[in-house]
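So you can see what is in the structure, the chains are spelled out below.
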Amino acid sequence: MHRWKVLVTRSAGVALLAAVGAGLLPVAIVPAAIAQRPPVTVAQADVTIAQEILRLVNVERQRVNAPPLVLNDKLTTAAQRHAQDMATSRRMSHTGSDGSTMRSRIDTTQYNWSTIGENVAMGQPTAAAVMAAWMSSPGHRQNILNPAFIELGVGYATGANRPYWAQVFARPR
């Protein structure tokens, strides 16, 4: 399983990209494989999934006395669009198939942020499984437990029967 974590702090103007896990993601798709792909199923910002991820995140945050997060519609829009894009392109990355970044995806929603972070994953079948994977990764765990974040967006989509997940964390200005 490949996992990636990104944290951007606007005030510092610094981007940190840390690859976690073994191996590399594919960088190209053979055109013949594209024609044979099954359709992508997208849970349009599935409220049940988002609420379960939020609940699990807040259980972990409570353990370290971090304030609970609340769901934000704009962050959920950014996360859902990215999860759908990953499922459609069959690749997990912090860079969208159109070259978009976490920052540009959030800015497109007109969310006015001071600090943002993103976790992505693929392959875990349930909210509990993806949270366990993220909590086992130091970089993802850091985003989940970061007390600077106060809002969360959750995205989930499936492509070729493989789940794709995105979490977007933020603090507004």
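This report concerns the structure included in the present document. (Residues numbered from 1 in each chain as written. Predicted model: local features only at pLDDT ≥ 70, side-chain atom pairs only at ≥ 80, totals over all residues. Heavy atoms only, no water.)

A few words now on the packing of aromatic side chains. Summed over all chains, the structure comprises two aromatic pairs. Look at Y156 and W165: their rings are 4.5 Å apart centre to centre, the planes differ by 55 degrees, and that puts the pair in the tilted class. An identical accessibility class is assigned to Y156 and W165; each is buried. (Phe/Tyr/Trp six-rings, centres within 6.5 Å; stacked < 30°, edge-to-face > 60°. Buried < 20%, exposed > 50% of the residue type's maximum accessible area, 1.4 Å probe, protein only.)

Okay, the side chain of R61 next. By the element assignment, R61 lies in helix α2 (residues 47–63). Buried and unpaired, R61 has E60 as its nearest opposite-charge partner, separated by 10 Å. At 2.6 Å, the side chain of R61 and the backbone oxygen of P67 are in polar contact. Within polar-contact distance, the side chain of R61 engages the backbone oxygen of I144 at 2.8 Å. Look past the residues within four positions of R61 in its chain and what remains in contact with it is A66, P67, P68, L69, N143, I144, L145, N146, P147 and F149. (Helix = DSSP H or I, 4+ residues; strand = E, 2+ residues; numbered from the N terminus. Lys, Arg positive; Asp, Glu negative; His and termini not counted. Salt bridge = Lys/Arg side-chain N within 4 Å of Asp/Glu carboxyl O. Polar contact = N/O pair within 3.5 Å; in protein donor to acceptor, adjacent residues only side chain to side chain. Contact = heavy atoms within 4.5 Å.)

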